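Next come the chains, spelled out residue by residue.
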Amino acid sequence: MLRQIDLLRIGRPRPTFPRALGAGLVWLLAIGGPLIAQQVAPPDEVDRAFHFIERSTQATELFNAGRAEEALAIFQELSREYADLDEDGFVALSAADAAVELGRTDQARAAYEAALRTHPSLQRSVSERLAELDLAGEITQETLNRLRAEAQLPGAGRVLAGWRLGRALQKQASSLLAEAVRAFRSTAEVQPADAVLRPAMLNHHAAALEELADDLSTLVQHLEGYWPPLRAGNRRAPEKSAGDGPQVVAEQQKATCLLRTRDGRRFEIELRRGPDSRDTQVLVNGKPLELSASEKRLLDRHQERINALLIEAAGRTQTQ
Amino acid sequence: MKRMLIATIVCGCVGPALMAAEPAGQPESVEFKFNFEPDRVIRQRVVTKSFGTISMASPMPEQKFSQVFEQTLTSRCRKVNADKSAVLDVSLDDLVMKMSIGPMSMEYDSRTFDPEKTTDPMTRLLGKIFSAMAGAKFTVTMSETGQPLKVEGLGDTLRKAAKATNDPQGGEWAEVSKLFDQLGSLFDDETMGQQMQSMYRMSPQKKGPIKVGDRWEQDWSMKMPIVSGELTGKGEYELLGVQELRGRPCAKVRVKETFVLVPKPKEANKAATGMQAVLDRMEMELSSSGGEGVAYIDYQRGELVQLRQTQSFTIKITVKSDPNAQDAMGKVGMELTQKLRNSVTMDLLEGDAPAPAAQTRPASDAVNP
């Protein structure tokens, strides 16, 4: 054993000072690297601010383009790493808005409340967004009671509360009408033909209610789905599919009718329409009649339904 | 062994300190000079990135806003006068903009924009305006200390932009076209010259050496004819150090600037109609915070090598209601608040652009006796 060590020592000359310096330099490179890295200045405040603004701009652009998943990832990253630079809570709020776009209601609600805790100045923004979340989901009695109370309070807030109360009630009415139709039809199914509540009567009534439900559903959908100003947090309108257009298109329409009121007045009505409802012309007793915008819309709505009923009936007749 | 250990310890302790030390020979003070050279060309790229919100009165929900704006400017020194002032030919080159407001978006690139292929009327209108601005040329006369003394030709650029918006068929943009026509007359060269003065505030006004740690301040104001207000700015600057950036000796300057726009009362012009009537009833308030950044200035040439600055703005626009207005919006009025954060980067692009091939410099363009 001793001889092997002696042999090893013979092969290695004793270190002199230059060699020691060389070894020291090796040590220097080994330990100095991390030390030098520590002494390199960390990203300064301007760098951090730049990165925050660049990424926030990118995320906002993605959000506005409907790419909510990608936007959410960036907003969440910024909330974790740059919370100190989110002075006005834009990033915290936007992360919640992106969750709303993705239909993650519970996550969005929690994120809104978290944003409010860290940024109390967001009270109004968060309250409005939470109110819209309530309206987007199932309408509860609690929501209605709260809106009714708010709509009675003095001040500018009552206008917004009244607006939301109307939307909540019509949405609930639409749901209740649909439930009423189901109730009448299911009752008709179990009634014998000669019962006091005849199935035919119940089904006719259900059919009339279905018309009302369909009309109301269309109104609600138009208001909630396609009017941009209503969408809190920039929610985009649902994409219209090819099937969203009217089922039947009236290429040409011409109708005449002779109407008599209870007090004996007679009206000869002549209606002409092309494929564009703006081409509608109405003559009453030979004279042109100017309709208001809402009258035209109602006329269109009912005429579309009449046309669809006729087509459905014609189709049923042809298959029999 | 012992010597080796001692040497190692010494190197380990001293080495990092040596490596972190400033290179020898860095000056502790600089003197800003503006050495203009005939035919010298510099190009700068400006990139602005912004995000924020636009809010209107309830029940309208707030919209998210984003914008990225890039432009290149080229400046060629046409001549240096005997008093060491200089005449520079400046052109606004490539312009790229991308903007989104809620679900609406717009993109413009001066290199590829074709109005005939653009169907969206807003994009077509703004594209025409930007196209008129991109490639615009004007002349700036600079003092020996880098202060803009005179601007010529920029007013023509705006009038050209106004004409570009003109739709011969009238239509919904006819009012906007008239607006730009009116704006063009408000932004004359003298007004623009006053506004450009504010761009050279980062260099200290006093002559002589500036030491590291020295601070200076600047106050400035600009008229805002559109909203009958005055924009006042305040800047604080500090020489942080002297270092080389992109091969140039630079003064590193800390920048902190804030702005305030205060509207001034104005008399309504009862004869005004359309867009002018709206402007007469409009008031704008603007305030900023933050405004911090760092500038690297080549102190031997007086050229801005790099600026990086961030800012937060709040802009509030109010249009008062007018019971006698013809349109529904005029009767109701409007209030809009925009809050945004923005970053600005200005970079000197290295590599002088070649002088125009057909252009020759007359003898009189040399330094005037």
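Residues numbered from 1 in each chain as written. Chains lettered and ligands numbered in written order. Predicted model: local features only at pLDDT ≥ 70, side-chain atom pairs only at ≥ 80, totals over all residues. Heavy atoms only, no water.

The next subject is the nonpolar core. Residues and elements named next belong to chain B. Of all hydrophobic cores here, the largest spans 43 residues; its most connected members are Val-253 and Ala-295. In terms of residue count, strand β14 (residues 303–319) provides more of this core than any other element does, six residues in total. Beyond its immediate sequence surroundings of up to four residues, Ala-295 is in contact with Met-202, Ala-251, Lys-252, Val-253, Val-255, Leu-304, Gln-306 and Leu-307. (Core = buried A, V, L, I, M, F, W, Y, C linked by side-chain atoms within 4.5 Å. Buried < 20%, exposed > 50% of the residue type's maximum accessible area, 1.4 Å probe, protein only. Helix = DSSP H or I, 4+ residues; strand = E, 2+ residues; numbered from the N terminus. Contact = heavy atoms within 4.5 Å.)

Okay, the pairing of β14(B) next. Residues and elements named next belong to chain B. Burial within β14 is extensive, with 13 of its 17 residues counted as buried. The pairing of strand β12 (residues 282–289) with β14 spans eight bridges and is antiparallel. In the sheet register, Met-284 faces β14, and the bridge partner there is Ile-317. Hairpin connection between strand β13 (residues 292–298) and β14: a loop of four residues separates the two successive antiparallel strands, and Gly-302 in this loop has a positive phi of roughly 75 degrees. Strand direction decides the pairing type here: β14 and strand β15 (residues 334–349), joined by 14 bridges, are antiparallel. Along β15, the bridge assignment pairs Thr-314 with Lys-339. (Pairing = 2+ DSSP bridges.)

Residue and element names in this part refer to chain A. Spatial strand order, β1-β2-β3-β4: four strands in an open sheet with antiparallel pairing. Because the sheet does not close on itself, it has two edges, and the strands there are β1 (253–260) and β4 (287–288). Note that strand β2 (residues 266–273) and strand β3 (residues 281–284) share four bridges and pair antiparallel. Across the sheet, Glu-270 pairs through a bridge with Leu-283, a residue of β3.

Before going further, it helps to examine the packing of aromatic side chains. Summed over all chains, the structure comprises eight aromatic pairs over all chains. When the centroid spacing of 6.1 Å and the interplanar angle of 75 degrees are considered together, the rings of A:Phe52 and B:Phe51 count as edge-to-face. Taken together, the residues A:Phe52 in helix α3 (residues 45–64) and B:Phe51 in strand β2 (residues 41–56) connect one chain to another. Looking at A:Phe52, the relative accessible area reads 0%, which means it is buried. Between the aromatic rings of B:Tyr108 and B:Phe113, the centroid separation amounts to 5.1 Å while the plane-to-plane angle is 55 degrees, which identifies the pairing as tilted. Residue B:Tyr108 shares its accessibility class with B:Phe113, and that shared class is buried. Its guanidinium or amino end placed over the ring of A:Phe63, B:Lys64 lies 5.1 Å from that ring's centre, counting from NZ or CZ. (Phe/Tyr/Trp six-rings, centres within 6.5 Å; stacked < 30°, edge-to-face > 60°. Lys NZ or Arg CZ within 6 Å of the ring centre and 35° of its normal.)

Below, the discussion takes up the pairing of β2(B). All names here are of chain B. Of all 16 residues making up β2, 12 are buried, and the element is well covered by its neighbours. Pairing of β2 with strand β3 (residues 63–80) involves 14 bridges; the strand directions are antiparallel. Bridged to Lys-49 within β3 is Val-68. Pairing of β2 with β15, which is carried by 14 bridges, proceeds in the antiparallel orientation. Looking across to β15, one finds that Gly-52 is bridged to Leu-340.

Another aspect to go through is helix α5 (residues 90–101) of chain A. All names here are of chain A. Taking 1.5 Å per residue as the helical rise, α5 with its 12 residues ought to reach 16 Å, and the 16 Å between its terminal C-alpha atoms agrees with that figure. For α5, a buried count of 11 out of 12 residues is recorded, marking the element as mostly surrounded by other parts of the structure. Of the residues trailing α5, Gly-103 is marked for its positive phi of about 75 degrees. (Expected span 1.5 Å × (residues − 1).)

This part covers the pattern of salt bridges. Evaluation of the coordinates by the stated rule reveals 38 salt bridges over all chains. Here B:Arg40 and B:Glu303 are joined by a salt bridge, their closest N and O atoms 2.8 Å apart. One end of the pair, B:Arg40, is in the loop between β1 (29–30) and β2; the other, B:Glu303, is in strand β14, with 263 residues separating them in the sequence. By sharing partners, the salt bridges in this structure join A:Asp97, A:Arg129, B:Glu62 and B:Lys64 into a single network. (Salt bridge = Lys/Arg side-chain N within 4 Å of Asp/Glu carboxyl O.)

The next point concerns unusual backbone geometry. In this structure, B:Lys84 is a non-glycine residue whose phi angle is positive, near 70 degrees. The residue B:Lys84 is located in the loop between β3 and β4 (86–101) in this model.

We now examine the environment of B:Ser288. Residues and elements named next belong to chain B. By secondary structure assignment, the location of Ser-288 is in strand β12. Taking relative accessible area as the criterion, Ser-288 reaches 14% and is therefore assigned buried. In the structure, Ser-288 is positioned 52 residues away from Leu-340 in sequence and 9.6 Å away in space, judged by C-alpha atoms. Ignoring sequence-local partners within four residues, the contact set of Ser-288 consists of Glu-257, Thr-258, Phe-259, Gln-311, Ser-312 and Phe-313. Among the polar contacts listed, one links the side chain of Ser-288 to the backbone nitrogen of Phe-259, at a separation of 2.6 Å. Separated by 3.4 Å, the side chains of Ser-288 and Gln-311 make a polar contact. (Polar contact = N/O pair within 3.5 Å; in protein donor to acceptor, adjacent residues only side chain to side chain.)

Moving on, we come to the state of the cysteines. Per the stated rule, a full pass over the model turns up zero disulfides over all chains. In this model B:Cys250 remains outside any disulfide bridge; the closest cysteine sulfur is found in B:Cys77, 20 Å from its own. (Disulfide = S-S within 2.5 Å.)

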